[in-house]
Amino acid sequence: MGKITLIIALFLLVSCDKNSNFTRDSNDKKSGVFVKRNTFINSPGLYYFKDIDIVVKEFKEGTIVYGIFDYYNNPLYQRNINNSISNHMKWTIYVDDKGEIWFYNADYQETNVFIGDGKKGIFIKDKNKLPPIPVELSKFIKD
């Protein structure tokens, strides 16, 4: 009976520890920055919006990759590390008033959007299939 109790205790300890990695504490600055609608993201870091994390990682040579993860850190979309963008060029991530997450970079003249769809989401790369680009993002691109 002692072995079963030990196994259950270890299981609970590991489960609690694993779940604690995903706990968001608004007082802990290491946990990221909460992003509201109509917000531009222009620097590397951890950002969260609703149940989505947006991670922007800068490497030593100044290249950037980003990813979108659900509440449990499951990837919903990640930019290919071999197709990174430069932090020295114009880029932004914009959360619009509908909660859609837009990505723009001047390196490849790309505009993409992530549309939350239940627990997953849709990442649209094709310019012909994009919804209308928000006015604020259009102004950013033109400036």
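All of the points below concern the structure found in this document. Predicted model only: the values in this text are computed from it and were never measured. (Residues numbered from 1 in each chain as written. Predicted model: local features only at pLDDT ≥ 70, side-chain atom pairs only at ≥ 80, totals over all residues. Heavy atoms only, no water.)

## Comments concerning the pattern of salt bridges
This model, assessed by the stated rule, comprises 1 salt bridge. Here glutamate 110 ties to arginine 79 by a salt bridge, and the two come within 3.0 Å at their closest N and O atoms. Of this pair, glutamate 110 sits in strand S10 (residues 110–115) while arginine 79 sits in the loop between strand S6 (75–78) and strand S7 (85–86), and the two are 31 residues apart along the sequence. Looking at glutamate 110, the relative accessible area reads 21%, which means it is partly exposed. Classification of arginine 79 by relative accessible area gives buried; the value is 6%. (Salt bridge = Lys/Arg side-chain N within 4 Å of Asp/Glu carboxyl O. Helix = DSSP H or I, 4+ residues; strand = E, 2+ residues; numbered from the N terminus. Buried < 20%, exposed > 50% of the residue type's maximum accessible area, 1.4 Å probe, protein only.)

## A closer look at the layout of surface pockets
Space inside the largest pocket adds up to approximately 190 Å³. Lining of the largest pocket is provided by Asp51, Ile52, Asp70, Tyr71, Tyr72, Leu76, Phe114, Gly116, Asp117, Gly118, Lys119 and Lys120. Classifying every residue of the lining of the largest pocket gives 5 nonpolar, 2 polar and 5 charged. (1 Å grid on protein atoms, 1.4 Å probe; cavity = no way out; pocket = protein on both sides within 12 Å on 5 of 7 lines; lining within 4 Å. Points joined across faces, edges and corners; volume = space filled by probe spheres on them. Nonpolar A, V, L, I, M, F, W, Y, C, P; charged D, E, K, R; others polar.)

## Comments concerning the environment of lysine 50
One can find lysine 50 in the loop between strand S3 (45–49) and strand S4 (52–58). Distance from lysine 50 to aspartate 70, taken between C-alpha atoms, is 9.4 Å for residues 20 residues apart in sequence.

## Topic: the sheet that holds strand S2 (residues 39–41)
Here we have 5 strands laid out as an open sheet, ordered S2-S8-S9-S10-S11, and antiparallel in their pairing. The two strands at the open ends of the sheet, each matched to only one other strand, are S2 and strand S11 (122–124). Within this sheet the neighbouring strands show an average axis-to-axis angle of 20 degrees, counted without direction. The sheet contacts of helix H2 (residues 135–142) involve S2, strand S8 (91–95), strand S9 (101–105) and S10, and relative to S8 the element is tilted by about 170 degrees. (Pairing = 2+ DSSP bridges. Axes fitted to C-alpha atoms, helices over the stretch in contact; angles between N-to-C directions. Contact = heavy atoms within 4.5 Å.)

## So, the packing of aromatic side chains
Counted under the stated rule, the structure contains 9 aromatic pairs. Between phenylalanine 40 and tyrosine 94, the ring centres sit 4.5 Å apart and the planes meet at 35 degrees, which makes this aromatic pair tilted. Separated by 54 residues along the polypeptide, phenylalanine 40 in strand S2 and tyrosine 94 in strand S8 bring together distant segments of the chain. Relative to tyrosine 77, the ring of tyrosine 66 has its centre 6.4 Å away and its plane inclined at 40 degrees; by these criteria the two rings are tilted. You can see tyrosine 66 sitting in strand S5 (residues 63–70) and its partner tyrosine 77 sitting in strand S6, a full 11 residues away along the chain. For tyrosine 77, a relative accessible area of 14% puts it in the buried group. One aromatic cluster in this structure is built from Phe40, Tyr94, Tyr104 and Phe140. Between the NZ or CZ atom of lysine 90 and the centre of the ring of phenylalanine 140, over which it lies, the distance is 4.8 Å. (Phe/Tyr/Trp six-rings, centres within 6.5 Å; stacked < 30°, edge-to-face > 60°. Lys NZ or Arg CZ within 6 Å of the ring centre and 35° of its normal.)

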